[in-house]
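Next come the chains, spelled out residue by residue.
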Amino acid sequence: DAEITQSPRHKITETGRQVTLACHQTWNHNNMFWYRQDLGHGLRLIHYSYGVHDTNKGEVSDGYSVSRSNTEDLPLTLESAASSQTSVYFCASSEQARNSPLHFGNGTRLTVT
Amino acid sequence: KQEVTQIPAALSVPEGENLVLNCSFTDSAIYNLQWFRQDPGKGLTSLLLIQSSQREQTSGRLNASLDKSSGRSTLYIAASQPGDSATYLCAVIQTGANNLFFGTGTRLTVIP
């Protein structure tokens, strides 16, 4: 079965370090998204991509970057981790940009100390 | 900016009851609305997607309705089961935009 795999599931890092969260999907979807989930805020979009070499900023993109070198992977990089970036991060993909359901990974819980 | 609200934040019902979860949004210019389920420690699973031109969608014991003009959607769950216990989230895509705006969810507990 097709799936989205996120790694690691849990990560603890120190303020100022660079961190990369991995996302790999086997749906062969062109559209991929990164969200963060925080209590009281719901899910908020960080970055998204509509295909190889395409990246776009979402609602809360400051301090984050992504790159899309192939269809399957969209890694999320925190350039210099801050305590405000402690959160649960979800990767998602969809067949169409707007008109098809989103498929989510199981998330990465990141703690910045 | 689109705001999506889900009330109540938590709901407990006895097994077998029919129940309704509510979702409201401030901007009625939406492309579609989706309902998701999230189990603890897991990602979201898409349950139903309603296009803006549709009034409802059904899948098994689930029925979602959409009243775009009033900015409301409901998710009806028939004959609830303990396995339905989860957090349910709704999300909308605005016309002309590509990202989903999520509500904060309703945590449902079905008591055996």
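Scroll up to find the structure this text is about.
For clarity, every value in this text was computed on a predicted model and none was experimentally measured. (Residues numbered from 1 in each chain as written. Chains lettered and ligands numbered in written order. Predicted model: local features only at pLDDT ≥ 70, side-chain atom pairs only at ≥ 80, totals over all residues. Heavy atoms only, no water.)

Within chain A, the regular secondary structure consists of 0 helices and 11 strands. Mapped from its N terminus to its C terminus, chain A presents α and β elements in the order β-β-β-β-β-β-β-β-β-β-β. Here the C-alpha radius of gyration of chain A, 13 Å, is about what a compact globule of 113 residues would show, namely 13 Å. The 113 residues of chain A split such that 46% are buried. Look at the contacts in chain A between residues 6 or more apart in sequence, and 54% of them connect residues 24 or more apart. As displayed, chain A has an accessible area near 5400 Å², and 44% of this comes from carbon and sulfur atoms. Distance between charge centres in chain A, computed from 9 positive and 11 negative side chains, equals 7 Å. (Helix = DSSP H or I, 4+ residues; strand = E, 2+ residues; numbered from the N terminus. Rg over C-alpha atoms; globule rule 2.2 N^0.38 Å. Buried < 20%, exposed > 50% of the residue type's maximum accessible area, 1.4 Å probe, protein only. Contact = heavy atoms within 4.5 Å. Areas by Shrake-Rupley, 256 points an atom, 1.4 Å probe, with all protein chains shown as cover. Lys, Arg positive; Asp, Glu negative; His and termini not counted. Charge placed at Lys NZ, Arg CZ, Asp CG, Glu CD.)

Here we take up the packing of aromatic side chains. A ring pair, where both rings are aromatic, is described by two values, the distance of the centres and the angle of the planes. In the structure shown here, the tally under the stated rule is 10 aromatic pairs over all chains. Judged by centre distance (5.8 Å) and plane angle (90°), the rings of A:F104 and B:F36 are edge-to-face. Note that A:F104 is positioned in strand β10 (residues 103-104) and B:F36 in strand β4 (residues 30-38), a pairing that runs across two chains. The exposure class of A:F104 is buried, given its relative accessible area of 10%. Of the residues examined, B:F36 reaches a relative accessible area of 0% and is grouped as buried. Aromatic rings pair up to connect A:F33, A:Y35, A:Y48, A:Y50, A:F90, A:F104, B:F36 and B:F102 into one cluster. (Phe/Tyr/Trp six-rings, centres within 6.5 Å; stacked < 30°, edge-to-face > 60°.)

Our next topic: the interface of chain A and chain B. Counting residues at the interface gives 21 residues for chain A and 25 residues for chain B. Interface area, chain A with chain B, both sides summed: about 1700 Å², of which 51% is carbon and sulfur. Summed over the shared surface of chain A and chain B, the number is 1 salt bridge. Between A:E59 and B:K1 there is a salt bridge; the shortest N-O distance is 2.7 Å. Where chain A touches chain B, the interface holds 4 residue pairs in polar contact (both at pLDDT 80 or more). Of all the elements, strand β5 (residues 42-51) of chain A adds the most residues to the side of chain A that touches chain B, at 4 residues. A per-class count over the side of chain A that touches chain B returns 10 nonpolar, 8 polar and 3 charged. (Buried area = accessible area lost by both parts, 1.4 Å probe. Salt bridge = Lys/Arg side-chain N within 4 Å of Asp/Glu carboxyl O. Polar contact = N/O pair within 3.5 Å; in protein donor to acceptor, adjacent residues only side chain to side chain. Nonpolar A, V, L, I, M, F, W, Y, C, P; charged D, E, K, R; others polar.)

This brings us to the environment of B:Y76. All names here are of chain B. Note that Y76 resides in strand β8 (residues 72-77). Considered as a pair, Y76 and T104 are 28 residues apart in the sequence and their alpha carbons are 18 Å apart. Beyond its immediate stretch of four places on either side in the chain, Y76 contacts N18, L19, V20, R61, L62 and N63. Within the structure, the side chain of Y76 is placed 3.4 Å from the side chain of N18, a separation counted as a polar contact.

Let us now look at the layout of surface pockets. The space that makes up the largest pocket amounts to roughly 710 Å³. Along the walls of the largest pocket sit 30 residues, with A:Q37, A:L39, B:Q38, B:P40 and B:T87 positioned nearest its centre. At the level of elements, β4 (31-38), β9 (87-94) and β11 (108-112) of chain A together with β9 (86-94) and β11 (106-111) of chain B are the ones that each hand at least two residues to the lining of the largest pocket. Looking at the lining of the largest pocket element by element, the count peaks at 4 residues for β11(B). Class assignment of the residues belonging to the lining of the largest pocket gives a composition of 8 nonpolar, 16 polar and 6 charged. (1 Å grid on protein atoms, 1.4 Å probe; cavity = no way out; pocket = protein on both sides within 12 Å on 5 of 7 lines; lining within 4 Å. Points joined across faces, edges and corners; volume = space filled by probe spheres on them.)

Judged by nonpolar contacts, the single largest core of 23 residues is most densely connected at B:L33, B:W35, B:L75 and B:I77. Those elements that place two or more of their residues in this core are β3 (19-25), β4, β5 (44-51), β7 (62-67), β8, β9 and β11 of chain B. Discounting chain neighbours no more than four positions away, the residues touching B:L75 are B:L19, B:V20, B:L21, B:W35, B:L47, B:L48, B:L62, B:N63, B:A64 and B:Y88. Counting 18 residues, the second-largest nonpolar core is a separate cluster that includes A:M32, A:W34, A:I46 and A:C91. (Core = buried A, V, L, I, M, F, W, Y, C linked by side-chain atoms within 4.5 Å.)

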